[in-house]
Amino acid sequence: MKAFVLLAFVLAFSGGVGASDQFSWLRDDSRSASEVLNYLNKQNDQTQLYQERVRSLSESLQQNWQDHRPVRADKPWKEIGGFEYAIQNRNSGRVLLSRQVGSANSVELLNIDARSVGFDYYQLGGWALNSSKTKLAIAEDVTGSEHYQVSVVDLQSRHVTPVAQNVDSSLAWSKDGQSLYLIQLEQHTSRPYALTLNFLSESKSIRLIEELDPAWLLSYYLSSDKQFAVVQANSENSSEQRLLNLDTGEISKPLLSRKAGVEYYVDVAGSTLYANSNHTRNDFAFYSAPLSQAAQVIQWQTIYAPNDDSRISNFYLFESGAVVVSQSGASQSLNFLDKDNRYRSSQLLADVGQVAWVSQVGDYQSNKLHIRSMSLTQPAKWVRLNTDTLQRERFSQDHYPQYQQSAYQTEQVMVNSGGVTIPVTLAYRKDKLTKTTPVFLYGYGAYGMTMKPYFMPQIISLLDEGVIYAIAHVRGGGFYGESWYQAGKGIKKENAILDFIAVARDLTAYNLGKRPIYAMGGSAGGTLVAAALNQAPDLFDGAVLKVPFVDVVNSMSDSALPLTAQQYGEWGNPNIADELQVMQQYDPYLNLSEQNYPPILIQVGLNDRRVPYWEGAKYYAKLSELTTGSGPYLLSTNFTQGHSTDRRKSLAQQAFEHAFLLSLTLKDIKAEQ
């Protein structure tokens, strides 16, 4: 990816505590203190009792999803060097397959399900073949902590050799296939900080480069030219890149020295360097330079710059020429250049009424990229785009035999929030819409991420239950691009919260109805929803907070945390008095007070290194002490997971989340509380 590198919200904790309060005892970095585990287990027992009450509803939802399983469309295989690769379900389980382009005969490289046996949690984070296609490197997370272990599978003997632990999921082979380049994580902080070369035959590693600044992260990605990888250090709004020669192991000096606010993302094709950079202007432009002069910025020539209000977000290189992705408002475009870097034409990425994104990109020689599109009520389809001819063709589309799209309605409504118009995507089943149909409102609003209106059977089942499903595209997300993101981050985070409240209030009267509102948010979305609950608890009839970041000031004040400084722009800097005041005003945990909170389900993972379990646990403990409401208030701790749900258990967990909210809409359930 040559995109703006999004810094996923990571707070990997060490031993320090930034602030202490009466519930700080719930923080246990060792995750082994008996008093903490006993408390979490006790709350799980209470949650289990409620799960039993809604078991029939939860099982009914899961059965509905099973009964309405689609005929899945063929997904495009990933094309690399004349071969294609895909992970598919076969009789033997989930397997990684390989085949030559154009061939129908595939070879099984790895049985993923077989690898997962014996682990309470399992996630294959990455894989990479060596150049001779005789060895397969795999990165596996077996705890949910996102600390990966790397092994190499000999595809002839099937012998598995452990290579490294405590690394991220990035994998790159040396050209001779005898060693692997890996990113090491700091043991106590989880910060990716060192690039190592790991030799298979000698069971040793060499540290090639180390990022000493705790506010910067180290990573790499493979270039279009298979001889290079791009080694990147980046902070919240700055980047610094070097070229790693995978043949010799040589690392270049920084192409541009790090400078606050300057970001650049490069790729290499043949003898040319390409870059998306803002080093000479406020917005990004697309540059090229001879590879031999890559470090001489004066040689970088502008080959594409938007002449309107659009902003470059990504680019891909092909033999046919570069494809530059730009965004203007909510609309994205593909801009095509020819082999001589001359502009050819542009196409909108999505049809009107759809959401679409570049989902599968072939390698430099393939001249292929695949676009995935859908809506809340339109099943996903794949379109293949030939970057040479610029022609699109439908590749495939999911088919749901019992699904009648005409029975459902999706639309976008606009809500006023303090003079700013907030878009909301919603859907419902037409014959289930009444004046009191409840609304399940989802929000995120952080890191410039756009919550896409995905088509999912789980959402359709909610519509079948008589629910309006809605997504609030609040400021702080990426719906309208960078300016939309900037308007809801850091000291402007309150804008996102007010947007969410305004959307909820407006939807109570959607279509002249009088509707209960149930909120859902995970991770940074948990911040949004929990803050809204503090400010307008009577507006909501229930909420689900999944791995929520709710103890903002305490976490951001902890100097022992490796990524605290890097997150200041997103959440505010508590070391600056004015910013601390803003943070204290929206912080969900600090602003819990004695008022009538609606029922809330809080879900955390014990091994979570992004948002550690104690954030949700502390929030629950304080909420339980202060609320004047009757609940239920539930804390569910998964002891074998981290920030992400094990895919083997994800449907059961999602069914309980939906059943919890649906149960609150049933009068007989509420009467028993």
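Quick caveat, the model's predicted, so the values are computed rather than measured.

About the criteria used
- Residues numbered from 1 in each chain as written.
- Predicted model: local features only at pLDDT ≥ 70, side-chain atom pairs only at ≥ 80, totals over all residues.
- Heavy atoms only, no water.
- 1 Å grid on protein atoms, 1.4 Å probe; cavity = no way out; pocket = protein on both sides within 12 Å on 5 of 7 lines; lining within 4 Å.
- Points joined across faces, edges and corners; volume = space filled by probe spheres on them.
- Helix = DSSP H or I, 4+ residues; strand = E, 2+ residues; numbered from the N terminus.
- Nonpolar A, V, L, I, M, F, W, Y, C, P; charged D, E, K, R; others polar.
- Buried < 20%, exposed > 50% of the residue type's maximum accessible area, 1.4 Å probe, protein only.
- Pairing = 2+ DSSP bridges.
- Contact = heavy atoms within 4.5 Å.
- Expected span 1.5 Å × (residues − 1).
- Phe/Tyr/Trp six-rings, centres within 6.5 Å; stacked < 30°, edge-to-face > 60°.
- Lys NZ or Arg CZ within 6 Å of the ring centre and 35° of its normal.

Participant: Got a minute to help me understand the layout of surface pockets in this structure?
Facilitator: A water-sized probe rolled over the atoms picks out the places where empty space is left. Considering only enclosed or pocket space, the second largest pocket measures out at about 480 Å³ in volume. Along its surface, the second largest pocket is lined by 25 residues, and Q51, S636, A652, Q653 and F656 are the ones closest to its centre. The set of elements that each furnish at least two residues to the lining of the second largest pocket consists of helix 1 (34-53), helix 2 (55-67), strand 34 (600-605), strand 35 (633-638) and helix 12 (650-664). Each residue belonging to the lining of the second largest pocket can be placed in one class, and the counts come to five nonpolar, 17 polar and three charged.

Participant: Teacher, can you tell me more about the pairing of strand 15 (residues 239-245) here?
Facilitator: The buried count for strand 15 comes to six of seven residues, which makes it a mostly enclosed element. As paired elements, strand 14 (residues 228-234) and strand 15 share seven bridges and run antiparallel to each other. Within strand 15, the residue paired with A233 across the bridge is E240. Where strand 14 hands over to strand 15, the hairpin turn is made up of four residues, counted between the paired strands.

Participant: Before we go on, may I ask you to explain the environment of L426 in this structure?
Facilitator: Positionally, L426 belongs in strand 29 (residues 420-429). Note: C-alpha distance between L426 and D113 (313 residues apart in sequence) is 36 Å. Ignoring sequence-local partners within four residues, the contact set of L426 consists of L376, Q409, T410, E411, V413, I468, Y469, A470, L507 and Y510.

Participant: What's the story with the side chain of S320 in this structure? I'm lost.
Facilitator: By the element assignment, S320 lies in the loop between strand 20 (311-318) and strand 21 (321-328). Among all residues touching S320, those that are not within four sequence positions of it are L337, D338, K339, R344, N367, T387 and D388.

Participant: What is the right way to look at empty space enclosed by the protein in this model?
Facilitator: Throughout the structure, instances matching the rule amount to three cavities of 30 Å³ or more. Put simply, the second largest cavity is a space of about 60 Å³. The wall of the second largest cavity is formed by Y444, G445, M449, T450, M451, A472, H473, V474, G477, G478 and F479. Each residue belonging to the lining of the second largest cavity can be placed in one class, and the counts come to six nonpolar, five polar and no charged.

Participant: Explain helix 4 (residues 457-464) to me, please; I cannot follow it from the model alone.
Facilitator: Because the α-helix completes a turn every 3.6 residues, residues three or four places apart line up on one side. Taken across its eight residues, helix 4 has seven buried, putting it largely inside the fold. Taken as a whole, helix 4 has its buried residues at P457, Q458, I459, I460, S461, L462 and L463. Buried residues along helix 4 sit in contact with helix 2, strand 28 (408-417), strand 29, strand 30 (439-443), strand 31 (468-472) and helix 12. Two residues or fewer past helix 4, G466 is found with a positive phi of approximately 90 degrees.

Participant: Teacher, can you tell me more about helix 12 here?
Facilitator: Helix length check: helix 12, at 15 residues, gives a terminal C-alpha distance of 22 Å against a target of 21 Å (1.5 Å per residue), a fit within 8%. Helix 12 sits mainly inside the fold: eleven of its 15 residues count as buried. Taken residue by residue, helix 12 has Q653, A655, F656, E657, H658, A659, F660, L661, L662, S663 and L664 as its buried positions.

Participant: What is the right way to look at the packing of aromatic side chains in this model?
Facilitator: Aromatic ring pairs: the centre-centre distance and the angle between the two ring planes describe each pair. Here the structure, examined in full by the defined rule, presents 22 aromatic pairs. Measuring from ring centre to ring centre gives 5.2 Å for Y613 and W614, while their planes differ by 80 degrees; the resulting arrangement is edge-to-face. W614 matches Y613 in its accessibility class, with the two residues each being buried. The structure contains a cluster of three or more aromatic residues connected by ring pairs, namely Y400, Y403, Y408 and F455. Lying over the aromatic face of W77, R99 brings its terminal NZ or CZ to 3.7 Å of the ring centre. Directly above the ring of F199 sits K204, whose terminal nitrogen or CZ lies 5.8 Å from the centroid.

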